[in-house]
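So you can see what is in the structure, the chains are spelled out below.
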Amino acid sequence: MHGHSRKVNMFMYGCTSKSPSLRLKERVFPYLLHNDSLMFSYDDCNFKVQRCKENAARVVVWKEYQIPNSYTLEMSLGGGDFGEDPSVRPPIHFNIEDYMEMGRLFCEAILDMYDPGRARLDAALQELEVLHPEIKRIAEEEGEGEGEGGERREGERG
């Protein structure tokens, strides 16, 4: 977790794989949080790895250990807009209850990622395919469709 001073809301920085078939899976955890809370903004998430961030823990874990779901959870010091247009209503500062609620939702999203039934995970992945059709198209063009190349399902151990 990290405090952010330039953007509002709670959001995540993640990493983007060179493999198009992993790109939606790298975005699904923040999307699960977005679906559960107006405090968390998927639109404010960024999955590009900038050269100046190559020593950040999330990037090192992603690169060195090939862990696709490596993130920094950012919580704005300026508060959140809670889904409202900031020009209409200014951001509201987060309080202890907001941080506790995000911690609870974070734990629930981890459970959703590894739930054997996969209902919420699969639904979120389908929604992401609609939000990011270019990712699915690139994966299909490069022959990296779901399940090809011995790829494991999310949550399975090898």
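Here, the structure is the one placed above.
Treat the numbers as computed from the prediction; the structure is a model and nothing was measured. (Residues numbered from 1 in each chain as written. Predicted model: local features only at pLDDT ≥ 70, side-chain atom pairs only at ≥ 80, totals over all residues. Heavy atoms only, no water.)

Another point: the packing of aromatic side chains. Inspection of every chain in the model, using the stated rule, returns 7 aromatic pairs. A centroid spacing of 6.2 Å and a plane angle of 45 degrees characterise the contact between Tyr42 and Phe47, whose relative ring orientation is tilted. The burial state of Tyr42 is the same as that of Phe47; both residues are buried. What links up through ring pairs into an aromatic cluster is the set Phe29, Tyr71 and Phe106. (Phe/Tyr/Trp six-rings, centres within 6.5 Å; stacked < 30°, edge-to-face > 60°. Buried < 20%, exposed > 50% of the residue type's maximum accessible area, 1.4 Å probe, protein only.)

So, on to the side chain of Ser70. Note that Ser70 resides in the loop between helix 2 (57-65) and strand 3 (72-76). Take Ser70: its relative accessible area is 7%, and that puts it in the buried class. Here Arg58 takes part through its backbone oxygen, which lies 2.7 Å from a polar atom of the side chain of Ser70. (Helix = DSSP H or I, 4+ residues; strand = E, 2+ residues; numbered from the N terminus. Polar contact = N/O pair within 3.5 Å; in protein donor to acceptor, adjacent residues only side chain to side chain.)

Side chains bearing opposite charge may pair, as long as their charged atoms lie close to each other. As enumerated under the stated definition, the model contains 9 salt bridges in all. Taking the shortest distance from any N to any O, the salt bridge between Arg120 and Asp36 comes out at 2.9 Å. Of this pair, Arg120 sits in helix 4 (residues 119-131) while Asp36 sits in helix 1 (residues 20-36); the two residues are 84 residues apart in sequence, bridging distant segments of the chain. Owing to a relative accessible area of 34%, Arg120 belongs among the partly exposed residues under this scheme. Ionic pairing is found between Arg120 and Asp112, a salt bridge with its closest N-O pair at 2.7 Å. You can call Asp112 buried: its relative accessible area is 14%. (Salt bridge = Lys/Arg side-chain N within 4 Å of Asp/Glu carboxyl O.)

In terms of burial, strand 3 is largely enclosed, as 5 of its 5 residues are buried. Alternating residues of strand 3 divide into Thr72, Glu74 and Ser76 and Leu73 and Met75, and every residue in both groups is buried.

The biggest cluster of nonpolar side chains holds 29 residues, and the ones touching the most others in it are Met12, Leu33, Phe40 and Met102. Within the residue set of this core, elements represented by two or more residues are strand 2 (10-13), helix 1, strand 3, helix 3 (96-113) and helix 4. With 6 residues, the top contributor of residues to this core is helix 1. Once residues lying within four places of it in the same chain are set aside, the contact partners of Met12 are Phe29, Pro30, Leu33, Phe40, Cys45, Asn46, Tyr71, Thr72, Leu73 and Phe106. (Core = buried A, V, L, I, M, F, W, Y, C linked by side-chain atoms within 4.5 Å. Contact = heavy atoms within 4.5 Å.)

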